[in-house]
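# Observations on the model geometry
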Amino acid sequence: MLDGLIFDVDGTLWDSTDLVAKAWNYVLETETTLPANITGELLKTLFGKPMDEICLKIFKGIPVSEHPHLGDICFQKENQLLYQDPVPLYPQILETFQELSTRCPLFIVSNCQKGYIEALLDTTPLKPYVTGHLCYGDTNCQKDVTIRRLMEQYGLKKVFYVGDTQGDADACNKADVPFILADYGFGNVPDPAYRIREPKELLTLPIWK
């Protein structure tokens, strides 16, 4: 019997890349001399990575010592815009969460900043169906460590992680957690434990047997 399902956010529950690009371009334009040319498509190749790695790409040419400050401004702007212009969930996510929550507890772990998962839960109907969450901003650790910390916090022994990138799969491998690939998301993984083409397929996987 499963103790829970843990979900990634970006590329798994929604696509916020265009809104996040808007936030980062605002900061590039107002706080740096770099061109404000970040696109949603670029961010799809970066989402899932730790924030320090993303900052290395976005703030290339700016001293690394300045990255944390600029990143914090970007993250604050992201969270602000998420409330001003909420991002829709992918189709089927709400209905799937409603059904899944009757079978086992649902959790979220992401390589995002503090406030980002809270914005997701505050601006979508998912909050009643999510038992707990943890992120990079909470732990300042790689995703595999964050997954294990959430499992320890809630006493979870048997879980699956649902994500959409190779980085997610690598974290699950390190955390010794089976990985389910959301094939509709941003990345591709050659050998996940399971692969879903749409969210509702989670309801019919053999994990429930």
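Here's a quick rundown of the structure. Given the structure is predicted, the values throughout are model-derived calculations rather than measurements.

### With respect to the pairing of strand β4 (residues 159-163)
Taken across its five residues, β4 has five buried, putting it largely inside the fold. Burial along β4 is two-sided: Val159, Tyr161 and Gly163 and Phe160 and Val162, pointing in opposite directions, are all buried. The pairing of strand β1 (residues 4-7) with β4 spans four bridges and is parallel. The residue bridging Leu5 from the neighbouring strand is Phe160, located in β4. Pairing of β4 with strand β5 (residues 179-182), which is carried by three bridges, proceeds in the parallel orientation. Among the inter-strand pairings, Tyr161 is bridged to a residue of β5, identified as Phe179. The β-α-β motif built from β4, the intervening helix α9 (residues 166-175) and the parallel element β5 has right-handed crossover chirality.

### Some thoughts on the side chain of Asp164
Within the secondary structure, Asp164 sits in the loop between β4 and α9. Among buried Asp, Glu, Lys and Arg side chains, Asp164 stands out as unpaired, with Lys143 the closest opposite charge at 6.7 Å. If near-sequence neighbours (up to four positions away) are discounted, Asp164 is found in contact with Asp8, Asp10, Gly11, Thr12, Phe179, Leu181, Ala182, Gly185, Phe186, Gly187 and Asn188.

### Thoughts on the packing of aromatic side chains
All chains considered together, the criterion is met by eight aromatic pairs. Summarising the aromatic geometry, the rings of Tyr90 and Tyr184 are spaced 5.3 Å apart at their centres and angled 80 degrees between planes, so their arrangement reads as edge-to-face. Note that Tyr90 is positioned in the loop between α4 (67-84) and α5 (93-100) and Tyr184 in the loop between β5 and β6 (194-196), a separation of 94 residues in sequence. Centroid distance Phe160 to Tyr194: 6.0 Å. Interplanar angle 50 degrees. Geometry classified as tilted. Here Phe160, found in strand β4, pairs with Tyr194, found in strand β6; they are 34 residues apart in sequence, far enough to count as distant. Note on Tyr194: relative accessible area 27%, which makes it partly exposed. Taken together, the aromatic side chains of Trp24, Phe59 and Phe75 make up a single cluster linked through ring pairs. For Lys77, the ring lying beneath its charged end belongs to Tyr26, and the centroid distance is 4.2 Å. Stacked on the ring of Trp208, the Lys or Arg Arg103 has its end atom at 5.0 Å from the ring centre.

### Observations regarding the environment of Ala171
By secondary structure assignment, the location of Ala171 is in helix α9. Judged by its relative accessible area of 6%, Ala171 falls in the buried class. Here the alpha-carbon distance between Ala171 and Asp10, two residues 161 residues apart in the chain, equals 15 Å. Other than its neighbours up to four places away in sequence, Ala171 contacts Lys143, Asp144 and Ile147.

### Looking at the environment of Gly163
Of note, Gly163 is situated in strand β4. As for Gly163 and Phe179, which are separated by 16 residues in sequence, their C-alpha atoms are 7.4 Å apart. Among all residues touching Gly163, those that are not within four sequence positions of it are Asp8, Thr12, Asp168, Phe179, Ile180, Leu181 and Ala182.

### Quick look at unusual backbone geometry
In this structure, Gln92 takes a positive phi of about 80 degrees despite not being glycine. Inspection of the secondary structure puts Gln92 in the loop between α4 and α5. Given the relative accessible area of 23%, Gln92 is considered partly exposed. A positive phi is found at Asn140, a non-glycine position, where the angle reads about 55 degrees. Turning to its location among the elements, Asn140 is positioned in the loop between α7 (136-139) and α8 (143-154). Judged by its relative accessible area of 59%, Asn140 falls in the exposed class.

### What about the nonpolar core?
Membership of the largest hydrophobic core comes to 55 residues, with the highest contact counts inside it found for Leu5, Phe7, Trp24, Ile58 and Phe59. It is helix α1 (residues 17-31) that provides the largest number of residues to this core, a total of seven residues. Excluding residues within four positions of it along the chain, Trp24 makes contact with Ile54, Cys55, Ile58, Phe59, Cys74, Phe75 and Glu78. Judged by nonpolar contacts, the second largest core, of 18 residues, contains Phe107, Leu150, Met151 and Val189.

Cut-off values and rules
The written sequence of each chain sets the order in which its residues are numbered from 1. Owing to the predicted nature of the model, reporting of local features is limited to residues with pLDDT of at least 70; listing and counting of side-chain atom pairs is limited to 80 or more, with chain, interface and lining totals taken over all residues. For the side-chain quantities, the full set of heavy atoms in the structure was used; hydrogens and water were omitted. Partly exposed residues are those whose accessible area sits between 20% and 50% of the maximum for their type, while under 20% is buried and over 50% is exposed, using a 1.4 Å probe and protein chains only. Think of it this way: any DSSP run of H or I at least four residues long counts as a helix, any run of E at least two long counts as a strand, and we number them from the N terminus. At least two DSSP bridges between two strands are needed for those strands to be called paired. Convention used here: a crossover is right-handed provided that the path from the first strand, over the helix, to the second strand proceeds clockwise when the strands point away from the viewer. Residues scored as charged are limited to Lys and Arg (positive) and Asp and Glu (negative), so that His and the chain ends carry no count. What counts as a salt bridge is simple: a side-chain nitrogen of Lys or Arg found within 4 Å of a carboxyl oxygen of Asp or Glu. Throughout, a contact is declared for two residues whenever any of their heavy atoms are within 4.5 Å. Pairs were defined over the aromatic rings of Phe, Tyr and Trp, the Trp ring being its six-membered one, requiring ring centres within 6.5 Å. Orientation was assigned from the angle between planes: stacked under 30 degrees, edge-to-face over 60, tilted for the rest. Should the NZ of a Lys or the CZ of an Arg lie within 6 Å of a ring centre and within 35 degrees of the ring normal, that charge is described as sitting over the ring. Nonpolar cores were defined as sets of buried Ala, Val, Leu, Ile, Met, Phe, Trp, Tyr and Cys residues, with membership established by side-chain atoms within 4.5 Å.

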